[in-house]
Structures are given as structure tokens and as C-alpha cells.
Amino acid sequence: MALVLKDRVKGWTDTVGENSFVIIATTVGYQSFSVIGNGNQTYYTAFDPNRGDWEVGIGTFTLATTTLSRDVILSSSNNNLIVDFKVGTKELFVGYPAEKAVTLDTAQTVSDKTLVNATITSGSINDTSVGATTPSTGAFTTLTAT
């Protein structure tokens with residue numbers, strides 16, 4: 001299973017309660033959730049426009065049932081817990097949660113994020129020297145992070 005992000009993926013669900021979202025339609029002009037790929041995870045946002053309830057999380061898409069599970073709740077209108085959605089149609093779309101975003105400040109330095117399996121090409125990390133191999137030459141270079 002991979003984490004897959006795609007642009008302009010949006011649909012509708014009439015799921016009630018705390019169940020997986022059953023996707024009942026794709027919004028015109030958007031891609032369907034099938035572009036995520038069967039068994040892959042994605043970031044999602046669910047929003048009830050009638051009640052204002054919302055949830056941001058990570059879910060797994062299942063093609064056979066056109067469902068998106070609610071694996072991890074990142075934030076919500078229910079004190080960051082799973083939302084008990086009421087009867088009615090809800091918007092469901094792929095988004096990039098702010099707390100997961102890697103940002104650059106005006107000096108173009110990465111701030112406040114942990115990078116896993118990142119390739120360092122220049123710079124320093126918390127004033128600690130780290131080693132890196134230059135891809136083009138294979139030369140080992142020591143970098144210092146700030």
C-alpha cells in the first residue's frame with residue numbers, strides 16, 4: 001500500500017455514522033477516487049455542507065466497493081476525533097493537510113518537519129554535520145545543518 005496524492009479528486013458520500021465512506025458519485029470536472037488505486041492510502045477531507053461537520057484524515061481506497069476507510073483522523077470538527085456524520089450528502093475530496101505539509105520560510109529553509117528517506121544535496125541540519133554522496137560524482141561530502 002502506498003500513500004497516493006492526486007489533484008482534483010472529489011466525490012460525494014451519503015455515509016452515516018463512523019463507517020467507511022461509500023463514494024456515490026464523482027463531482028463533474030474532477031477525477032474519481034479510482035485514480036488513487038486499489039488498496040492505496042490518501043489524505044482526505046469530508047465535509048457536511050448542511051451541518052458544518054468536517055474531518056481530515058488518511059484513508060484506504062477499495063475499488064471493488066468504491067469505499068474510503070477512515071484509518072487515521074488528523075483533525076476534525078469533533079475535537080480531532082472521528083465524526084459521527086448525520087444523514088445527508090457530504091463532500092469528499094483528496095487534500096494535503098496543513099500539518100503534513102513541508103514548508104519553506106522566506107530564506108527557503110525547511111521548517112518544523114521530519115524528513116524520512118530524504119536526499120540532502122546541500123545545507124545543514126541542526127548544526128550537525130552529516131555525510132552525503134554527490135549523485136553525479138559519487139564523492140562523499142560533509143554537510144552541516146542549521
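Residues numbered from 1 in each chain as written. Predicted model: local features only at pLDDT ≥ 70, side-chain atom pairs only at ≥ 80, totals over all residues. Heavy atoms only, no water.

A. Structural context of the overall build of the protein. Along the protein, the regular secondary structure elements total zero helices and 11 strands. Ordering the α and β elements of the protein from the N terminus gives β-β-β-β-β-β-β-β-β-β-β. Evaluated residue by residue, the protein yields a buried proportion of 32% over its 146 residues. Sequence separation of 24 or more characterises 49% of the internal contacts of the protein that already satisfy a separation of 6 or more. (Helix = DSSP H or I, 4+ residues; strand = E, 2+ residues; numbered from the N terminus. Buried < 20%, exposed > 50% of the residue type's maximum accessible area, 1.4 Å probe, protein only. Contact = heavy atoms within 4.5 Å.)

B. Quick look at the nonpolar core. Residues Phe 21, Ile 23, Phe 33, Ile 36, Phe 61, Leu 68 and Leu 92 are the most contacted members of the largest nonpolar core, which totals 14 residues. Those elements giving two or more residues to this core turn out to be strand E2 (21-26), strand E3 (41-47) and strand E7 (90-94). For Leu 68, the contacting residues outside a window of four places in its chain are Ser 20, Phe 21, Ile 23, Phe 33, Thr 42, Tyr 44, Gly 59, Thr 60, Phe 61 and Leu 92. (Core = buried A, V, L, I, M, F, W, Y, C linked by side-chain atoms within 4.5 Å.)

C. Up close: a nonpolar patch on the surface. A surface patch of nonpolar side chains, about 370 Å² in accessible area, is lined by Leu 3, Leu 5, Tyr 96 and Val 102. Residue placement: Leu 3 occurs in the segment before strand E1 (10-13). Among the residues examined, Leu 3 registers a relative accessible area of 45% and is labelled partly exposed. (Patch = residues over 30% accessible without salt bridge, like charges linked within 9 Å, V, L, I, M, F, W, Y side chains within 5 Å. Areas by Shrake-Rupley, 256 points an atom, 1.4 Å probe, with all protein chains shown as cover. Salt bridge = Lys/Arg side-chain N within 4 Å of Asp/Glu carboxyl O.)

D. Fine view of the side chain of Thr 67. By the secondary structure assignment, Thr 67 is in strand E5 (residues 67-68). Given the relative accessible area of 16%, Thr 67 is considered buried. Among the polar contacts made by the side chain of Thr 67, one reaches the side chain of Thr 65 at a distance of 2.8 Å. Among residues more than four places away in sequence, those in contact with Thr 67 are Phe 21, Val 22, Thr 60, Phe 61 and Thr 62. (Polar contact = N/O pair within 3.5 Å; in protein donor to acceptor, adjacent residues only side chain to side chain.)

E. Layout of the packing of aromatic side chains. Within the structure shown, the criterion is met by four aromatic pairs. Taking 5.5 Å as the distance between ring centres and 70° as the angle between the ring planes, the aromatic pair formed by Phe 21 and Tyr 44 counts as edge-to-face. Residue Phe 21 is found in strand E2, and its partner Tyr 44 is found in strand E3; the two are separated by 23 residues along the sequence. As far as the burial class goes, Phe 21 and Tyr 44 line up, both buried. (Phe/Tyr/Trp six-rings, centres within 6.5 Å; stacked < 30°, edge-to-face > 60°.)

F. Main features of the side chain of Glu 91. Relative to the helices and strands, Glu 91 is located in strand E7. Reaching out from Glu 91, the side chain makes a polar contact with the side chain of Lys 10 at a distance of 3.4 Å.

G. Quick peek at the pairing of E3. With six of seven residues buried, E3 lies mostly within the body of the structure. Bridge count between E3 and strand E4 (residues 54-62): seven bridges; the pairing is antiparallel. Residue pairing for E4: Phe 47 is matched across the bridge by Trp 54. Between E3 and E4, which pair antiparallel one after the other, the connecting turn spans six residues, and Gly 52 there sits at a positive phi close to 85°. Here E3 pairs with E7 via four bridges, running antiparallel. Bridge pairing in E7 places Phe 47 opposite Glu 91. (Pairing = 2+ DSSP bridges.)

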